[in-house]
Amino acid sequence: VDAVGTVCPACWSRMRFIAAPVCACCGLPFEVDPGPGALCGACIADPPRFDRCRSVLVYDDGSRGLVLGLKHADRTDAAPGLAAWMVRAGAELLAGADLVCPVPLHRWRLFHRRYNQAALLALAIGRKTGIPVVPDLLDRRRAGTQGGQSATGRRRIVAGAFTLPPRSLARVAGRRILLVDDVYTTGATVGVALASAA
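Okay, so let's go over this structure. Throughout this description, residue numbers start from 1 for each chain and increase along the sequence as written. The model is predicted, so local features are restricted to residues of pLDDT at least 70 and side-chain atom pairs to those at 80 or more, both for listing and for counting; the totals for chains, interfaces and linings are taken over all residues. Side-chain numbers come from the whole structure's heavy atoms, not from hydrogens or water.

**Details of the pairing of strand E1 (residues 99-102)**
Line of reasoning, step 1. Of the two faces of E1, both are covered, the one formed by Leu 99 and Cys 101 as well as the one formed by Val 100 and Pro 102.
Line of reasoning, step 2. The sheet contact formed by E1 and strand E4 (residues 177-180) spans 4 bridges and is parallel. Across the sheet, the residue bridging to Pro 102 is Val 180, located in E4. Accessible area is worked out with a 1.4 Å probe on protein chains only. A residue is then buried under 20% of its type maximum, exposed over 50%, and partly exposed in between. Helix and strand assignments come from DSSP, with helices taken as H or I runs of at least 4 residues and strands as E runs of at least 2, each series counted from the N terminus. Being paired, for any two strands, means DSSP has found at least two bridges between them.

This is the structure we're talking about:
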């Protein structure tokens, strides 16, 4: 590639970017346009705790290497490019956000990994938009990995895992918070983390 934060043509051609029409809540792409404000079946059956969520890419063989490279292989150079895509995909959410906050890692996971990939994305989003980023808004009290877990297992792992520490109470009062994570699967992490900040 000729610039940091870009991908080669072969990788680009394998990526499936998410665009409208999407579920008005979780951002799941629809095959046909059901009209404005339409919700997917999952959001109707079990409404999430968040207002809206948007994702850049379908997490599949085309995007997995890029995402896992950032997450587990020290490819922190990917964060600015991914954040630029996130700013575009989440423009309507960013327009009303007062703060940007990453999903925190447990301190032992952070110690072993040496960085929080969600924090790198949040900081890059803040630089591109001018929205204040609060990397330590939430604390993660319990460790646990969600990889390979069912939706029920993911919810069990993150239940009670996040807390809003006293130092953050004044920061969230009356504010709209944009929570940043690297992968959205079932919404378990996002729902629990935002419930902690509520």
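There is more to say, and it comes next.
**Thoughts on the pattern of salt bridges**
A side chain with one charge may pair with a side chain of the opposite charge, provided their charged atoms come close.
Line of reasoning, step 1. We define a salt bridge as a contact between a side-chain nitrogen of Lys or Arg and a carboxyl oxygen of Asp or Glu at a distance within 4 Å. Taken as a whole and assessed by the stated rule, the structure comprises 10 salt bridges.
Line of reasoning, step 2. A salt bridge links Asp 61 to Arg 64; the nearest nitrogen and oxygen atoms lie 2.5 Å apart. You can see Asp 61 and its partner Arg 64 sitting in helix H3 (residues 61-72), 3 residues apart, about one turn around the helix.
Line of reasoning, step 3. Given a relative accessible area of 67%, Asp 61 falls into the exposed group.
Line of reasoning, step 4. Note that Asp 182 is salt-bridged to Lys 71, the shortest N-O span being 3.2 Å. Placement of Asp 182 in the loop between E4 and helix H10 (188-197) and of Lys 71 in helix H3 is noted, with a sequence separation of 111 residues between them.
Line of reasoning, step 5. Look at the salt bridges and you will find they share partners, linking Asp 136, Asp 139, Arg 167 and Arg 171 into a network.

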